[in-house]
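# Fold and contact review
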Amino acid sequence: MVSTKRLQQLARQHGTPLFVVDHDELRKNYATFRKYLPRVQAYYAVKANSDPAIVKTLFDAGASFDVASMPEFMIVHELIRDMPEKERQAWIWDKIIYANPIKANGTLRQLDRYKPLVTYDNLEEIKKIKKFAPRAGLALRLRVPNTGAMVELSSKFGASSGEAVDLILEAEKEGLTVEGISFHVGSQTTNFDNYVQALNLAANVFREAKARGAGKMFLVDIGGGFPAPYDDSVKPFRELAKILNRELDRLFPKDIQILAEPGRFLVATAGTVVCTVIGKAVRDGKLCYYVDDGVYHTFSGVIFDHCQYHFEAFKKGPVETCSVFGPTCDALDVVSMTERLPADLKLGDMVYSRNIGAYSHASSTHFNGFPPAKVVHVNR
Ligand SMILES: *Cc1c(COP(=O)(O)O)cnc(C)c1O
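Below: a short report on this structure. No experiment lies behind these values; they were computed from the predicted model shown.

Before going further, it helps to examine unusual backbone geometry. The linkage connecting Thr16 with the following residue, Pro17, adopts the cis geometry, with an omega of -5 degrees. Relative to the assigned elements, Pro17 resides in the loop between helix H1 (4-14) and strand E1 (18-22). Phi at Asp284 takes a positive value of approximately 50 degrees, unusual for a residue other than glycine. Here Asp284 shows up in the loop between strand E12 (271-283) and strand E13 (286-291). Of the residues examined, Asp284 reaches a relative accessible area of 87% and is grouped as exposed. Phi at Tyr359 takes a positive value of approximately 50 degrees, unusual for a residue other than glycine. Inspection of the secondary structure puts Tyr359 in the loop between strand E17 (350-353) and strand E18 (374-378). Tyr359 gets classed as buried once you look at its relative accessible area, which sits at 16%.

Dropping the structure here:
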């Protein structure tokens, strides 16, 4: 964790709003993931935070990558640009999954020469892949229960277990190679039973597909969803890992490769934002602070990620319940209606919010003329 002293120093040096990325924390999270899930290869989901320096640190730590657009693919590809062609091909084959089940024709056309692993969940996509990226390997995306996840995904993606085997056989019939199955239990899944149900569904589809002749499948991609420790209600990762290891070993023989696509888990705790109080008012008897970062910027997760962030002040003092608003003129720019902050913060005082590394800066806009927060990368 970056100390409050260092945060203040950095903010004085660089100005605010300042998004501080702790690369030791990234390495620690990756190591934790690998330690507790030794059988699982971790593909960092780049969409959680696509900052190239973050991707580079995880690359150096040994991570693989989940990308969902051509620009994300190129951020990862940039790191291996100088490898000899043959090694590069092998690296992409082993370390990148293009995990967006829906891909535009043009994207598939660009992807084909890299022979990537791509996900799919419907017949139209099989036709497109056959036509524009016949050299891609396929993973069927299965729909699984997302009960209790902070961000639900099952209404947008995934073949039902009733149609999954047919879709695998159909792709094979078209001459494509189906390498395995993938799913996503929903982001910030604190209901660990989602994983158990998903793994059992996937094992059934896997078994039935093999029995019906889809013999080449060798991987199961258990997706993302691993919860970040935003508060004490989130059970430790090792408890989830214990459940996963038990189910994986029970359901899948050792020669089946297991992949995962952690996004939030790797990057959430590595980001802290420091902002400055730029306005203060009392409205209907309630204290209101205005800060120089808001929901169109680093706090975008309040809207897009259903994530409630909390502030802390560097200054200590008697606290009061207050609202914190962003800097834009839009009424939507409300970061929190119930913060507990010192009542005597002055204009120019700074506040900070931790665990804001995922789905935050990545979806910042330039709305109303306010640019995204400046980013600094630190090692402790
Ligand atoms: C967003 C996403 C992820 C990452 O999810 P987290 O909940 O951040 O771990 C992984 N896989 C796919 C297909 C995604 O869309």
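As a further point, take the sheet that holds strand E5 (residues 117-120). As summarised here, the arrangement of the eight strands in space is E2-E3-E4-E5-E6-E8-E10-E11, forming a closed barrel in which the pairing is parallel. Strand after strand, the sheet turns through a mean of 30 degrees between neighbouring axes, direction not considered. Two elements, strand E10 (residues 219-221) and strand E11 (residues 257-260), share three bridges in a ladder whose sense is parallel. In the strand pairing of E11, Leu219 is matched with Gln257.

Turning next to the site of the ligand. Near the ligand lie 14 residues; those nearest to it are Lys47, Ser187, Glu261, Arg264 and Tyr359. The backbone of Gly225 places a nitrogen or oxygen atom 2.9 Å from an oxygen atom of the ligand. Residue Tyr359 places a side-chain N or O atom 2.6 Å away from an oxygen atom belonging to the ligand. When the ligand sits alone it has 390 Å² of accessible area, and the protein chains cover 92% of it. When atom positions are compared with the pocket grids, the ligand is found to occupy the largest pocket. Within the shell around the ligand, the residues separate by chemical class into four nonpolar, five polar and five charged.

So, about a nonpolar patch on the surface. A contiguous nonpolar surface patch, about 290 Å² in accessible area, is contributed by Ile303, Phe304 and Leu332. Among the structural elements, Leu332 can be located in the loop between strand E15 (319-325) and strand E16 (334-342). Its relative accessible area of 44% is what places Leu332 among the partly exposed residues.

This next bit is on the packing of aromatic side chains. The relative placement of two aromatic rings is captured by the distance of their centres and the angle of their planes. The full count for this structure, using the stated rule, is 17 aromatic pairs. Ring centres of Phe226 and Phe237 lie 6.2 Å apart, and the angle between their planes is 75 degrees; on these two criteria the pair is classed as edge-to-face. Placement of the pair is Phe226 in the loop between E10 and helix H10 (237-251) and Phe237 in helix H10, with a sequence separation of 11 residues. Summarising the burial analysis for this pair, Phe226 and Phe237 share the class buried. An aromatic cluster of three or more residues is present, and its members are Phe33, Tyr36, Tyr195, Phe226, Phe237 and Phe265. Looking at Lys235, its charged tip hangs above the ring of Phe192, at a distance of 4.8 Å from the centre.

Before going further, it helps to spend a moment on the environment of Glu208. You can see Glu208 is positioned in helix H9 (residues 193-211). Considering only alpha carbons, one finds Glu208 and Thr298, 90 residues apart in sequence, at a separation of 45 Å.

Now for the layout of surface pockets. What the largest pocket holds in volume is close to 620 Å³. What lines the largest pocket is a set of 30 residues, among which Lys47, Ala68, Leu153, Phe157 and Tyr359 lie closest to the centre. Going through the elements one at a time, strand E3 (64-67) and helix H11 (264-267) are the ones with two or more residues in the lining of the largest pocket. For the lining of the largest pocket, the class distribution of residues is 14 nonpolar, eight polar and eight charged. A domain split of the lining of the largest pocket shows at least three residues from each of domain 1 (4-19 + 270-378) and domain 2 (23-267). Every residue lining the second largest pocket is counted, 25 residues in all, and those nearest its centre are Tyr230, Asp231, His310, Arg354 and Asn355. Elements that contribute at least two residues to the lining of the second largest pocket include exactly E1 and E12.

Parameters and conventions
Residues numbered from 1 in each chain as written. Predicted model: local features only at pLDDT ≥ 70, side-chain atom pairs only at ≥ 80, totals over all residues. Heavy atoms only, no water. Helix = DSSP H or I, 4+ residues; strand = E, 2+ residues; numbered from the N terminus. Buried < 20%, exposed > 50% of the residue type's maximum accessible area, 1.4 Å probe, protein only. Pairing = 2+ DSSP bridges. Axes fitted to C-alpha atoms, helices over the stretch in contact; angles between N-to-C directions. Near = heavy atom within 4 Å. Polar contact = N/O pair within 3.5 Å; in protein donor to acceptor, adjacent residues only side chain to side chain. Areas by Shrake-Rupley, 256 points an atom, 1.4 Å probe, with all protein chains shown as cover. 1 Å grid on protein atoms, 1.4 Å probe; cavity = no way out; pocket = protein on both sides within 12 Å on 5 of 7 lines; lining within 4 Å. Sits in = over half its atoms within 2 Å of the grid points. Nonpolar A, V, L, I, M, F, W, Y, C, P; charged D, E, K, R; others polar. Patch = residues over 30% accessible without salt bridge, like charges linked within 9 Å, V, L, I, M, F, W, Y side chains within 5 Å. Salt bridge = Lys/Arg side-chain N within 4 Å of Asp/Glu carboxyl O. Phe/Tyr/Trp six-rings, centres within 6.5 Å; stacked < 30°, edge-to-face > 60°. Lys NZ or Arg CZ within 6 Å of the ring centre and 35° of its normal. Points joined across faces, edges and corners; volume = space filled by probe spheres on them. Domains from an automatic or database assignment.

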